Amino acid sequence: MRRRALPLTRLSLRAAVGCVGLLLAMLTACSSVSRGSLESLRLAVRRETVHPTPASVAATPYFQMQANGPDGEAILILAHVADGELGWYGAGRDAVFTRDGLVVKTVGLPQDLEETTLPADNPFHEGLQHLSAPVTYSRRVDWSPGYRYGIALTATLEPEAVEDVDILGTIHRLRRIDEHVSAPALGVSMTNRYWIDPADGFIWKSRQYVAPGLPLELIQLQPYRESVASTTDTEPPPAAPPSDGERLSVATARQAPPHAYTVAAAWLQPGLRREQLRLRAGLVYELGAIRNKALGGGDLALSAAGKSFQSWLSGLPITGRRTGVSLDPARLEAGRAKDWPTSIGDTLVYPTRPDDVRVVGAVEKACRVPHVAMQDARRYLAACPASAAADPDIVFVVQPDGTVFEQGVALWNRDPPRPLAPGAWIYVPFDRHAIAGAADEAFNRDVAAFLATQVPGDGGGP
């Protein structure tokens, strides 16, 4: 029986999930495991186990992998092969993506590995069978929740002894490779292990930390051993704007480039432009009122800051960006995000990943500051000082997905540090007491809300 990977479409993924359900039903006949106990990689509730057999694996015409987590186990099937990446899906709307046997992305876990950036000559791509001595390299990862983006990992791979590994009753003589990983920005270290075929480096079994405190053990039951470099799904059609009624899962699968920085992706809807135009016009008007009040009261610092910010804000584009939606194709396909329908005229934008954070508002000079993993907003402000017109107690942070939160920065109300993702804004608000009477009390929050409509990485910033 020739094994195959399902092409990644909404229809095929539903079929894939159905096949997983069928597989689970077969497993039930072989063990006490119920289908309801196997919620793929959620792993969190029943602490059940799976007991695949050679017969149950052979009865399913798809490539299969077992995933064991801290609280349970699951069977995944290969649902797509594209751009050197394998997508393994389960029945619980969760997925694991691997490249050369290394987990590079997850969907639906308590902590998700959002993206992995590897050097071109990384040892996994070259083949771990070539290791004869310890090798050190680095990679960059993004973790969620919490916008832990741009985390630099230092990893050392060390070849160990050949061991006997039992998979479905067959003993494999595999070399163990230990990988010692450290994340200085978080002060954590982890050890991954890979059991490889000494002949070609194929990883039959591994224990990998996909995030701090979250290891996954992966076992190849029906392995996919074809060259991912030369084998992909059907060539996708050329990118085109979403058609009327087309679901985001379909549109994003067609338009998102490989390794897209999806947290900054933008869904632009013409129907939202009028509301955003009115918001910008109101803010510009209120800044004029703030200037006039400041001049009348002799507050030259506030007047100058208001004039400068008014000029800059009035030049920002009206995008029609809709915030609060995920445009990650994998998350949408797995059912982990709301799959909204699109309309005629809608546009999906996947900007290049920025490498900075922008600081604007009541500052001496608006600026761009290099992004530093896990760095709090207050640390960025040290490089872009607030002006005398600033509110001394708070700032507003606008993450690249449009999420806005207010953060206390004074000694009396200081909030715990919260990391910013690349492409975030820090809006330093105007002193709410100084602008009272000239601007609505929601003025500063409205400015932050308008900044959330901007596409990260676009022009128009400082």
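Refer to the structure presented above.
No experiment lies behind these values; they were computed from the predicted model shown.

With that out of the way, let us pick up the overall build of the protein chain. A tally of regular secondary structure across the protein chain gives nine helices and 20 strands. When burial is assessed residue by residue, the protein chain has 54% of its 462 residues classed as buried. Residue pairs at least 24 apart in sequence account for 62% of intrachain contacts in the protein chain once pairs closer than 6 positions are excluded. Total accessible area computed for the protein chain in this model is approximately 20100 Å², and 52% of it derives from carbon and sulfur atoms.

This part covers helix α5 (residues 273-296). Helix length check: α5, at 24 residues, gives a terminal C-alpha distance of 35 Å against a target of 34 Å (1.5 Å per residue), a fit within 8%. All buried positions along α5 are accounted for by Gln276, Arg280, Leu283, Glu286, Leu287, Gly288, Ile290 and Ala294. Looking one or two residues past α5, Gly298 carries a phi angle of roughly 75 degrees, positive in sign.

Here Gly320 shows up in the loop between α6 (300-314) and β14 (321-322). Sequence spacing of Gly320 and Gln269 is 51 residues, and the spatial spacing of their C-alpha atoms is 4.9 Å. If sequence neighbours within four positions are ignored, Gly320 has contacts with Trp267, Leu268, Gln269, Leu272, Arg273 and Gln276.

Bringing the packing of aromatic side chains into the picture now. Scanning the model with the defined rule gives 13 aromatic pairs in all. Note on Phe309 and Tyr427: the rings are 5.8 Å apart at their centroids and 25 degrees apart in plane angle, and the pair reads as stacked. Placement of the pair is Phe309 in helix α6 and Tyr427 in strand β20 (residues 425-428), with a sequence separation of 118 residues. As far as burial versus exposure is concerned, Phe309 and Tyr427 are alike and both buried. Cluster of aromatic residues (ring-pair linked, three or more members): Phe309, Trp312, Phe396, Trp425, Tyr427, Phe430 and Phe443. Lying over the aromatic face of Trp195, Lys205 brings its terminal NZ or CZ to 5.1 Å of the ring centre. Sitting over the face of the ring of Phe202, Arg225 holds its NZ or CZ atom 4.4 Å from the ring centroid.

Turning our attention to the sheet that holds strand β16 (residues 356-361). With respect to topology, five strands assemble into an open sheet ordered β17-β16-β20-β18-β19, the strand pairing being mixed. The open sheet has two edge strands, β17 (367-370) and β19 (404-408), and neither has a second partner. When strand polarity is set aside, the average angle formed by the axes of neighbouring strands in this sheet is 25 degrees. For β16 and β20, the ladder comprises four bridges, and the chain directions are parallel. Within the sheet, the bridge partner assigned to Val360 lies in β20 and is Tyr427. Running over the sheet, helix α9 (residues 443-451) touches β16, β18 (394-398), β19 and β20 and is turned about 160 degrees from β20.

About the cut-offs
Residues numbered from 1 in each chain as written. Predicted model: local features only at pLDDT ≥ 70, side-chain atom pairs only at ≥ 80, totals over all residues. Heavy atoms only, no water. Helix = DSSP H or I, 4+ residues; strand = E, 2+ residues; numbered from the N terminus. Buried < 20%, exposed > 50% of the residue type's maximum accessible area, 1.4 Å probe, protein only. Contact = heavy atoms within 4.5 Å. Areas by Shrake-Rupley, 256 points an atom, 1.4 Å probe, with all protein chains shown as cover. Expected span 1.5 Å × (residues − 1). Phe/Tyr/Trp six-rings, centres within 6.5 Å; stacked < 30°, edge-to-face > 60°. Lys NZ or Arg CZ within 6 Å of the ring centre and 35° of its normal. Pairing = 2+ DSSP bridges. Axes fitted to C-alpha atoms, helices over the stretch in contact; angles between N-to-C directions.

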